[in-house]
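The residues making up each chain are set out below.
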Amino acid sequence: MSSVVQLDENQTKALREKELEILHEIDRICKKHGIIYTLTYGSLLGAIRHKGFIPWDDDMDIAMTRDHYERFKQVCKKELSDRFFYQCNETDPEYFHLIDKIRLNGTIFREKVTADKKMHQGIYVDIFPFDSVPENKFRRKLQFLHFHLYRVGLMSKFLKNSERHGAKKILSYIVKVIYAPFSM
């Protein structure tokens, strides 16, 4: 996810140092509790190909299997230093992503998609859960449909209809009505 403004070289360096602080806290907790995680997406590519960050990347991504993800979430309630904030839709009502984040308190790093939200906007590391996928083709399709329905419902609660046009705007209104009775 990219920031609202383009960062200069010094700002990018400072941002990455803060992201590494967050990663060190995550690593401390994971080592203490036997929780396994990995760098993923651009962060993994950057570590391998660039021996650090991808030059144009401005965030850090880690992933855990679902069971480790859920354990990490529980452990953070007691273990996470007060310098950090565990962001999910339970801890931050305006937060609407399907992944959690660890944010650094006392910092600001607004993303384009959430810049106008009244939520914690600190520098962060994304935490992705990796779920098992059934070997059976029908069950895989069912799992994807289930995920997609949750995703559409979640997005319907936060995306602005004013940013949509034509058929997408009409569909957006219909989806909002359908999902209105459901909570996060």
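Our structure's up above, just so we're on the same page.
Please read these numbers as outputs of a predicted model, since none were measured by experiment.

Chemist: Explain the nonpolar core to me, and be specific about the residues and the numbers.
Modeler: Formed by 26 residues in total, the largest nonpolar core has its most connected members in I22, I26, M64, F72, Y86, I102 and I127. When residues of this core are traced back to their parent elements, those giving at least two are α1 (9-33), β2 (60-65), α3 (66-79), β3 (84-87), β4 (100-104) and β5 (124-130). Considering each element in turn, this core owes the most residues, 6 residues, to α1. Setting aside residues no more than four positions away along its own chain, I127 makes contact with I62, M64, Y69, F72, Y86, I99, D100, K101 and I102. Membership of the second largest hydrophobic core comes to 5 residues, among which are Y95, I99, M119 and F128.

Chemist: Pulling in residues and values, what's your account of a nonpolar patch on the surface?
Modeler: Together, F138, L142, L145 and L149 make up a nonpolar patch on the protein surface, roughly 410 Å² of accessible area in all. Along the polypeptide, L149 turns up in helix α4 (residues 137-158). Since its relative accessible area comes to 42%, L149 is described here as partly exposed.

Chemist: Please provide a residue-by-residue account of the sheet that holds β2, values included.
Modeler: The pairing of strands in a sheet comes from backbone hydrogen bonds and takes either a parallel or an antiparallel form. Sheet architecture is open: 5 strands sit in the order β1-β2-β5-β4-β3, paired in mixed fashion. Each of the sheet's edge strands pairs with one partner strand only, and the pair in question is β1 (38-39) and β3. Pairing geometry for β1 and β2, over 2 bridges, is antiparallel. When the sheet's bridge partners are listed, L39 is paired in β2 with I62. Sheet strands in contact with helix α2 (residues 41-49) are β1, β2 and β5, and its direction is about 110° off that of β2. Against the sheet, α3 makes contact with β2, β3, β4 and β5, and its axis sits at roughly 110° relative to β2, the strand it touches most.

Chemist: Explain unusual backbone geometry to me, using residue names and the numbers behind them.
Modeler: Of note in the backbone geometry, K51 takes a positive phi value of approximately 55° without being a glycine. We classify K51 as exposed; its relative accessible area is 70%.

Chemist: Any details on the pairing of β4? Residues and values, ideally.
Modeler: Two faces belong to every sheet, and in a regular strand the side chains alternate between them. Extensive coverage of β4 is indicated by the burial of 5 of its 5 residues. The alternating pattern of β4 places D100, I102 and L104 on one face and K101 and R103 on the opposite face, and all of these are buried. Summarising the sheet, β3 and β4 pair through 4 bridges and their orientation is antiparallel. Counted as the bridge partner of Y86 is I102 from β4. Here 4 bridges tie β4 to β5, and the two strands are oriented antiparallel to one another. Bridged to K101 within β5 is D126.

What counts, and at which threshold
Residues numbered from 1 in each chain as written. Predicted model: local features only at pLDDT ≥ 70, side-chain atom pairs only at ≥ 80, totals over all residues. Heavy atoms only, no water. Core = buried A, V, L, I, M, F, W, Y, C linked by side-chain atoms within 4.5 Å. Buried < 20%, exposed > 50% of the residue type's maximum accessible area, 1.4 Å probe, protein only. Helix = DSSP H or I, 4+ residues; strand = E, 2+ residues; numbered from the N terminus. Contact = heavy atoms within 4.5 Å. Patch = residues over 30% accessible without salt bridge, like charges linked within 9 Å, V, L, I, M, F, W, Y side chains within 5 Å. Areas by Shrake-Rupley, 256 points an atom, 1.4 Å probe, with all protein chains shown as cover. Salt bridge = Lys/Arg side-chain N within 4 Å of Asp/Glu carboxyl O. Pairing = 2+ DSSP bridges. Axes fitted to C-alpha atoms, helices over the stretch in contact; angles between N-to-C directions.

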